[in-house]
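Working through the structure, step by step
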Amino acid sequence: MLRLWQALRLLWRAHPLAMWRGALLAVLVLLMGAALLGLSGWFITATGMAGLAGVGIAFDVFRPSAGVRGLALGRAAARYGERLLTHDATLRALAALRVTLLDRLARFPVTELRRLRGASALTRITADVDALDGVVLRLALPVAAALLTHLVAFFGLWALTSHAIAISVAAGYLLGGGVVLWRVARATLGHSARAEDASQDLRRRAIGLFRGRREAILQGTMPRWRAGLDAAEEEARTSMDHLDRIDTGAGQALSAVVTLIAAGVFALAGWLVAQTELSPALAAIGVFVALALAETLLPLRRGMAEIGRMRDAAERVLADPPARAPVRVAAPAFSPEAGDRILELRHLSLARPGRSRLLLHDLSLGLRRGETLALRGASGLGKSTLLDAIAGLEPVTAGEILIIGQPLAAWPESGLRDLVTLVPQRSALVSGTVLENLALAQPGLTDCEAMAALEAVQLAQVVHARGGLRSPLGEGGAGLSGGQARRLVLARALLRRPKLLLLDEPTEGLDATMARQVIAGVREFLKDAAIVTASHRAAELATADQVIDLKRYIPES
């Protein structure tokens, strides 16, 4: 539960004023509801007693009726304000939570982040963030408001009715309601987590079937996919039905608790009236307030039923990132010996992250300003891993990487990113305009600068045909073909004007003519940059100043 408490603190601290306003209005709604029912009970009883006593003509009905109307209207207004402010506060807090989540994810290793790009991982993150809104709306605020309302009601009943009635109401709700809610939380702790897992599995299978429906039809595997989807749906439905049964039983148990409390207070009030220790009108206040306080108890069962789901979501969202190497802090001085050499590898050995078997061994090379190096090799030889290591995203097993004559580890993070830009095989575009996607690399980007980069990657005419730089793109760059999306990502990388540009399969999906034009455009745009490409295509190998076959550096088994 520690993570759940941390999530609550994080959400509350995001906008504490908005949270306190929502909390106070939630308490006000409950208090006005109890006061409304208590005053109504007193008014009806007092009016009846006055009629029986023959003094009804002298009884003041105007002020109590005005109080009833005022509380009814005030409660409706407070309810509207409470819904408005609490949801506003929660949405603000969730926006802050998303920023915190992105900050935590930025500290994860690149290999871990790449695993999060699948549909199942992304839907899980989205569901976890959405689940945490219940920490405030269905757990923290209702519990806090209920406790404060019961505290005020206790002292009110103590002052207006009798000590026995006040203690009976407080003890009944705190003990009876507390036991039921505790049992609900305990019974659903594991079931709510399993129900969420089942829903996630159903969502993942549905997305997979939707995306692969064409292949499934062509390969005749649609019945098997459909059977798996039906099984996942049945499991999710079974889990949700079990939670619904617990929720229904909890509602009946809480209703029984309220009924027993009201009956007990009614009997106690009748005995006090019979003993002439309490007037019937004041005794009615105790009975009706006991009924009104049910509003503080019944809504809590939903939050308690989802506490397992919220706990697991908090565990995942607020999980500590794996330990990483110390952050670079000191900017190195440029080495005079480096001259115009941008990149140098000295006896480099490299393994895949988390594995001990070497991919490459004793690799040495140098690359000067304005030169292009092509890394050649079959898939799986380590081309992408080598580019990640040069970009400072993965550690090396042995040897040394130097950027402008200085060890890679000596560069501060910001300085390294200004010098080195990596364009991996899978790069992301955001939902927005073409210009907004390009401006991620250069804030304040002008139209002329953007078009120059698009010209370099042979994309200017395509963008012009779509309506220009302000033409919108869908999520993930929807609206562009795969090759067009890759070229737009490449144009964005060019706008950073790095000293060292690392390209992983930059012309994949392009025909030979277009590939040669894009490579030539990149070199023309970055005349002085050193460029490293990982590719097996003839167009990239033919234009390189150096070609290194990584097969020569594979260690013997």
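Residues numbered from 1 in each chain as written. Predicted model: local features only at pLDDT ≥ 70, side-chain atom pairs only at ≥ 80, totals over all residues. Heavy atoms only, no water.

**Notes on the overall build of the protein chain**
If you tally the helices and strands in the protein chain, you get 21 helices and eleven strands. Since a compact globule built from 557 residues should have a radius of gyration of about 24 Å, the 34 Å found for the protein chain marks it as more spread out than a globular shape. A principal-axis box enclosing the C-alpha atoms of the protein chain has dimensions of 110 × 50 × 45 Å. Expressed as a percentage of the 557 residues in the protein chain, the buried residues total 45%. In the structure as shown, the protein chain presents an accessible area of about 28,400 Å², 61% of it carried by carbon and sulfur atoms. (Helix = DSSP H or I, 4+ residues; strand = E, 2+ residues; numbered from the N terminus. Rg over C-alpha atoms; globule rule 2.2 N^0.38 Å. Buried < 20%, exposed > 50% of the residue type's maximum accessible area, 1.4 Å probe, protein only. Areas by Shrake-Rupley, 256 points an atom, 1.4 Å probe, with all protein chains shown as cover.)

**Considering the pairing of strand β10 (residues 530-534)**
Burial within β10 is extensive, with five of its five residues counted as buried. The alternating pattern of β10 places Ala530, Val532 and Ala534 on one face and Ile531 and Thr533 on the opposite face, and all of these are buried. Here strand β3 (residues 372-376) pairs with β10 via four bridges, running parallel. Within β10, the residue paired with Thr372 across the bridge is Ile531. Note: strand β9 (residues 500-504) against β10, five bridges, orientation parallel. When the bridges of β10 are listed, Leu503 appears paired with Thr533. Crossover connection from β9 via helix α20 (residues 512-525) to parallel β10: handedness right-handed. (Pairing = 2+ DSSP bridges. Right-handed = clockwise from strand over helix to strand, strands pointing away.)

**Examining the pattern of salt bridges**
Under the criterion given, the structure shown has 15 salt bridges. Among the salt bridges present, the one from Lys527 reaches Glu524, with a minimum N-O distance of 3.3 Å. Each of Arg75, Arg79, Glu82, Arg83 and Glu295 takes part in one network of salt bridges that share partners. (Salt bridge = Lys/Arg side-chain N within 4 Å of Asp/Glu carboxyl O.)

**With respect to the packing of helix α9 (residues 222-274) against helix α10 (residues 280-292)**
For the pair α9 and α10, interaxial distance at closest approach is 9 Å and the crossing angle is 170°. Between α9 and α10, the interaxial angle falls into the category roughly antiparallel. Together, Ile261, Ala262, Val265, Phe266, Ala269 and Val273 of α9 and Pro280, Ala283, Gly286, Val287, Ala290 and Leu291 of α10 make up the contact between the two elements. Here the contact of α9 with α10 is built from residues that sort into eleven nonpolar, one polar and no charged. (Axes fitted to C-alpha atoms, helices over the stretch in contact; angles between N-to-C directions. Parallel < 35°, antiparallel > 145°, perpendicular 65-115°, else oblique. Contact = heavy atoms within 4.5 Å. Nonpolar A, V, L, I, M, F, W, Y, C, P; charged D, E, K, R; others polar.)

**So, the packing of helix α17 (residues 447-456) against α20**
To characterise two packed helices, one gives the angle between the axes of the helices and the distance between these axes. Where α17 meets α20, the axes come as close as 7 Å, and the angle between the chain directions of the two elements is 140°. The angle between the axes of α17 and α20 places the two elements in the oblique class. For the pair formed by α17 and α20, the contact residues are Ala452, Ala453 and Ala456 on the first element and Gln517, Val518, Gly521, Val522 and Phe525 on the second. Residue composition of the contact of α17 with α20, grouped by class: six nonpolar, two polar and no charged.

**With respect to the domain arrangement of the protein chain**
When the domains of the protein chain are assigned, the result is domain 1 (2-185 + 259-317) and domain 2 (337-553). Between domain 1 and domain 2, the C-alpha centre-to-centre distance is 57 Å. (Domains from an automatic or database assignment.)

**Some thoughts on the sheet that holds strand β4 (residues 398-403)**
Pairing in this open sheet of four strands is antiparallel, and the strands run β2-β1-β4-β5 from one edge to the other. Because the sheet does not close on itself, it has two edges, and the strands there are β2 (358-368) and β5 (406-407). Where β4 lies against β5, two bridges are found, and the strand directions are antiparallel. Bridge pairing links Ile403 to Gln406 in β5. The sheet strands contacting helix α14 (residues 383-390) are β1 (341-351), β2 and β4, and the helix crosses β1 at an angle near 125°.

**Observations regarding the nonpolar core**
Most often, soluble globular proteins keep nonpolar side chains buried together rather than apart. Core analysis: the largest hydrophobic core is formed by 62 residues, its most contacted members being Leu132, Val169 and Tyr173. Setting aside its immediate chain neighbours within four residues, Leu132 contacts Ala7, Leu11, Leu94, Leu97, Met310, Ala313, Ala314 and Val317. Formed by 35 residues, the second largest nonpolar core is a distinct cluster that contains Leu445, Leu501, Leu510 and Ala529. (Core = buried A, V, L, I, M, F, W, Y, C linked by side-chain atoms within 4.5 Å.)

**Considering a nonpolar patch on the surface**
A cluster of nonpolar side chains, Leu147, Leu174 and Leu175, forms an exposed patch at the surface whose accessible area comes to about 320 Å². Note on placement: Leu147 falls in helix α6 (residues 133-160). (Patch = residues over 30% accessible without salt bridge, like charges linked within 9 Å, V, L, I, M, F, W, Y side chains within 5 Å.)

**Thoughts on the packing of aromatic side chains**
What characterises a pair of aromatic rings is the spacing of the ring centres plus the angle enclosed by the ring planes. All told, the structure shown has three aromatic pairs when counted by the stated rule. Ring centres of Phe154 and Phe155 lie 5.4 Å apart, and the angle between their planes is 75°; this geometry places the pair in the edge-to-face category. Taking the centre distance of 5.5 Å and the plane angle of 55° together, the rings of Phe154 and Trp158 count as tilted. A residue pair is termed a helical-turn pair when its members lie 3 or 4 positions apart in one helix, as Phe154 and Trp158 do in helix α6 at four residues. Among the aromatic residues, ring-to-ring pairing joins Phe154, Phe155 and Trp158 into one connected group. (Phe/Tyr/Trp six-rings, centres within 6.5 Å; stacked < 30°, edge-to-face > 60°.)

**Some thoughts on the side chain of Arg523**
Its place among the elements puts Arg523 in helix α20. Buried and unpaired, Arg523 has Asp545 as its nearest opposite-charge partner, separated by 5.3 Å. Apart from the residues within four sequence positions on either side, Arg523 is in contact with Gly370, Glu371, Thr372, Asp528, Ala529 and Ile531. (Lys, Arg positive; Asp, Glu negative; His and termini not counted.)

**Concerning the UniProt feature "transmembrane region" (unreviewed entry) in the protein chain**
Residues annotated by UniProt as "transmembrane region" (unreviewed entry) correspond here to residues 20-37, 43-62, 139-159, 165-185, 253-274 and 280-300. As a span, residues 280-300 carries 86% helix and 0% strand, and end to end its C-alpha atoms are 32 Å apart. (UniProt positions renumbered as here; feature names shortened; annotations may be inferred.)

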